[in-house]
Amino acid sequence: MLTSLSIKNYALIEDLNITFSKGFTVITGETGSGKSILIKSMELITGKRADLSLIRSGCKECIIIATFEYNNPKITEFLNRFSIPLEDNMILIRRTIELSGKSKAFINDTQVSLSVLSGLGQLLIDFHSQEERHSLLNLEFQLEILDSRVDQIKFLITKCSILQSKVRRLEAHLETLNMSEIDRLRKIDLYSFQIREIQEAKLRIGEDKELEEGLPKLKNAEKIVDLSKEVVSILYSCENATLSSILKIKKNIEAINSYGVDASEALSLIEQAYYQSEEVYREIELILSKTKLEPEALDRSMERLEVIKKLKKKYGSTIEAIVEYKNKIEEELNSLNDYQENSSKVKEELLKEKDSLIKICEIISEKRKKVALDFKKLVQEKLLELEIKNAIFDIKFDKKEPSENGFDEIEFMFCANKGEKILPLKNTASGGELSRVLLAIDLAAQIKSDQTTVFDEIDTGTSGRVGHKIGEKLFELSSKKQVFAITHLAQVSAFAKTHIKIYKEIEKSRTYTKAIVLNNEEHIEEIAKMISGKNVTDSALKHAKDLISLSRRSQ
């Protein structure tokens, strides 16, 4: 859900900040006031390429910032895939476009490419206008809509996906077993050599870390011994040894103390210095006794690490990965050696799993076709309610190779006029009509979403009576998701939970596009203006109130 939008220096907008709410929001304003600028700004923060000519005259760059709330696990998965920080189910998008042509995009303060922003944008906002592609025209999403109405579909698809993975694995295994005799012998020779090489190394988990930790001590043993001896000499055995000097200082302080001066604090400190220096001496003596010059051990460690390094380059980045690789090729080697027997077993198992996969695909397909009948009927009803009377909506089923979600390939089909050929939805309806068809499908779908849907041109060429129906259905859809609509019809605006007015002002010979969220009184007055024009009459005000009252009775 879009919660806020900030626009700076874009077209006629100098600095605009809007906060949005849940439910149904209408955007109104006179022709040329800048309603399209607001939508284009939303498009830019969802990854659309920028038109540099729209940077405000006299400015070097424009900046658009938007915040979203979400609960969609697909968005979380998307952010994780691109290592974008998660911020308490909030997304902050910032887009800057410079007059020089440079464009930068940030998601939660992480700079991303335009393609990444576009990928996220498709999950955040769905634009229903003539120029934009709609998620409802995507065949995968159409299948998702249908599946949302199928009982136990998640369980069935999970089962189907597991079976499909088994079939792929068995097919790959069979292909390996059925290789030519020369290739098989070559692979046996290669695997045998690799297993032998790993086994001869006698690797131990954690051995590389132990060797690396012990290496500095072996390499620097001579320096450790020399430095330790020097410390021992300074502390204890040289002519002016530190411990002897401290004892002498201690005696002098005791004498000072006996002459009537309170030197007890100094005496305490020098005693501590003596005990601590003694402790240092004992610790260094211990280090010295444990440190040995072992050039042979150093050579062995270096050689061993080199062996492990070589194996890591060939078989895996860790000792665990190397051992895992060895176990894997041992199994494959056994299969290659007994390929005839194994080939028969794999073929038998593959046929069994394929049969299970087909059966589960058939169950899924039957359930989908049953649900499709009810869904088609429901969409048809919604189309009639939206005054698209002669339209035909259908769902075409094609069969493909079994995959993780079955063998159905579906597509929504549509015909707007009686007697015409029914065609894929993406190739038929357009403009406002397409928006109304998509609205009907959206209403029939059982998918609740935190995606924002923006309708532009949905009421183009319609009457007030149809406008009332459109407003009613947009309000109905807003119970499942956040809905925006740019409209010129009072009948649509009457259903709005939030009404945003876009208008222009001229200040110091410059034109500015501005926006305001209307309160209840302003909402009534704006609808009255849409009815009667700039001069609001009493009858227009009454009509506006009647429209709002009628819309509330319809809700």
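Residues numbered from 1 in each chain as written. Predicted model: local features only at pLDDT ≥ 70, side-chain atom pairs only at ≥ 80, totals over all residues. Heavy atoms only, no water.

Q: Talk me through the overall build of the protein; I want residue IDs and the actual numbers.
A: Per the secondary structure count, the protein includes 18 helices and 15 strands. Here the C-alpha atoms of the protein give a radius of gyration of 38 Å, more than 25% beyond the 24 Å that 2.2 N^0.38 yields for 555 residues. Projected onto its principal axes, the C-alpha positions of the protein cover 115 × 90 × 45 Å. Across the protein, contacts joining residues at least 24 apart in sequence account for 68% of those joining residues at least 6 apart. Both charge centroids of the protein, one from 85 positive and one from 89 negative side chains, sit 5 Å from each other. (Helix = DSSP H or I, 4+ residues; strand = E, 2+ residues; numbered from the N terminus. Rg over C-alpha atoms; globule rule 2.2 N^0.38 Å. Contact = heavy atoms within 4.5 Å. Lys, Arg positive; Asp, Glu negative; His and termini not counted. Charge placed at Lys NZ, Arg CZ, Asp CG, Glu CD.)

Q: Go over the sheet that holds strand β1 (residues 2–10) with me, naming the residues and quoting the values.
A: What the 6 strands build is an open sheet, ordered β2-β1-β4-β5-β6-β7; its pairing is antiparallel. For this open sheet the edge positions go to β2 (13–19) and β7 (110–112), each flanked by a neighbour on one side alone. In this sheet, neighbouring strand axes are inclined to one another by 15° on average, regardless of whether the strands run parallel or antiparallel. Here strand β6 (residues 103–107) runs beside β7; their pairing, made up of 3 bridges, is antiparallel. Its bridge partner being in β7, Ile-107 is matched across the sheet by Thr-110. Here helix α1 (residues 35–44) sits on the sheet and contacts β1, β2, β4 (61–69) and β5 (90–98); the angle it forms with β1, its principal contact strand, is near 105°. Strand contacts of helix α3 (residues 114–124): β4, β5, β6 and β7, with the helix running at about 135° to β5, the strand carrying the most contacts. (Pairing = 2+ DSSP bridges. Axes fitted to C-alpha atoms, helices over the stretch in contact; angles between N-to-C directions.)

Q: Break down the layout of surface pockets for me, with residues and values.
A: By volume, the largest pocket amounts to about 1700 Å³. Along the walls of the largest pocket sit 40 residues, with Lys-74, Leu-123, Ser-135, Phe-141 and Glu-144 positioned nearest its centre. Of all the elements in the fold, those that place two or more residues in the lining of the largest pocket are α2 (73–81), α3, β8 (125–128), α4 (139–147) and α5 (153–177). Per-element accounting of the lining of the largest pocket gives the leading share, 6 residues, to α4. For the lining of the largest pocket, the class distribution of residues is 11 nonpolar, 15 polar and 14 charged. The volume enclosed by the second largest pocket comes to roughly 320 Å³. As for the second largest pocket, its lining consists of 16 residues, and the residues nearest its centre are Gly-29, Glu-30, Lys-501, Glu-526 and Lys-529. Contributing elements (two or more residues each) for the lining of the second largest pocket: β14 (498–507) and α17 (520–532). Looking at the lining of the second largest pocket element by element, the count peaks at 4 residues for β14. (1 Å grid on protein atoms, 1.4 Å probe; cavity = no way out; pocket = protein on both sides within 12 Å on 5 of 7 lines; lining within 4 Å. Points joined across faces, edges and corners; volume = space filled by probe spheres on them. Nonpolar A, V, L, I, M, F, W, Y, C, P; charged D, E, K, R; others polar.)

Q: Describe the packing of α2 against α3, naming the residues involved and giving the relevant values.
A: One can describe the packing of α2 onto α3 by two numbers: an axis separation of 10 Å at closest approach and a directional angle of 170°. Considering the angle they form, α2 stands roughly antiparallel to α3. Where α2 approaches α3, its residues Lys-74, Ile-75, Phe-78 and Leu-79 are matched on the opposing element by Val-116, Gly-119, Leu-120, Leu-123 and Leu-124. Looking at the contact of α2 with α3 residue by residue, the class counts come to 7 nonpolar, 1 polar and 1 charged. (Parallel < 35°, antiparallel > 145°, perpendicular 65-115°, else oblique.)

Q: Tell me about unusual backbone geometry, residues and numbers included.
A: A positive phi angle, near 50°, is found at Lys-202, a position not held by glycine. Examined against the element boundaries, Lys-202 turns out to sit in the loop between α6 (181–201) and α7 (207–219). On the basis of relative accessibility, which here comes to 69%, the residue Lys-202 falls in the exposed class. The backbone of Ser-509 shows a phi angle near 65°, a positive value even though the residue is not glycine. By the element assignment, Ser-509 lies in the loop between β14 and β15 (510–517). (Buried < 20%, exposed > 50% of the residue type's maximum accessible area, 1.4 Å probe, protein only.)

Q: An account of the nonpolar core is requested, with residue identities and associated values reported.
A: Among the nonpolar cores identified, the biggest contains 60 residues, and Phe-375, Leu-383, Phe-412, Leu-425, Ile-441 and Leu-474 are the most heavily contacted of them. Ranked by residue count, the leading element in this core is helix α13 (residues 339–385), at 11 residues. The contact partners of Phe-412, leaving out residues within four places of it in the chain, are Leu-136, Gln-142, Ile-145, Phe-375, Phe-393, Asp-394, Ile-395, Leu-423, Pro-424, Leu-425 and Ile-441. Grouped together as the second largest cluster of nonpolar side chains are 44 residues, Leu-5, Phe-20, Ile-37 and Ile-502 included. (Core = buried A, V, L, I, M, F, W, Y, C linked by side-chain atoms within 4.5 Å.)

Q: Can you tell me about the pattern of salt bridges, naming the residues and giving the values?
A: This structure, assessed with the given rule, holds 27 salt bridges. We note a salt bridge from Lys-314 to Glu-197, for which the minimum N-O separation is 2.9 Å. With Lys-314 in helix α11 (residues 295–315) and Glu-197 in helix α6, the pair connects residues that are 117 residues apart, well separated along the chain. Using a relative accessible area of 41% as the deciding quantity, one classes Lys-314 as partly exposed. Residues joined by salt bridges that share partners form a network here, namely Lys-382, Glu-385, Lys-473 and Glu-476. (Salt bridge = Lys/Arg side-chain N within 4 Å of Asp/Glu carboxyl O.)

Q: Can you tell me about the sheet that holds strand β13 (residues 483–486), naming the residues and giving the values?
A: By definition, the strands of a sheet pair up through backbone hydrogen bonds, in either a parallel or an antiparallel sense. Read from one edge to the other, the open sheet built from 6 strands follows the order β8-β12-β13-β3-β14-β15, with strand pairing classed as mixed. Since the sheet does not close on itself, it has two edges, and those belong to β8 and β15, each with one partner. Going from strand to strand, the sheet's axes swing by 20° on average, the running direction of each strand aside. Sheet topology note: the β8/strand β12 (residues 452–456) ladder contains 4 bridges and is parallel. If you follow Asp-126 over to β12, its bridge partner there is Thr-453.

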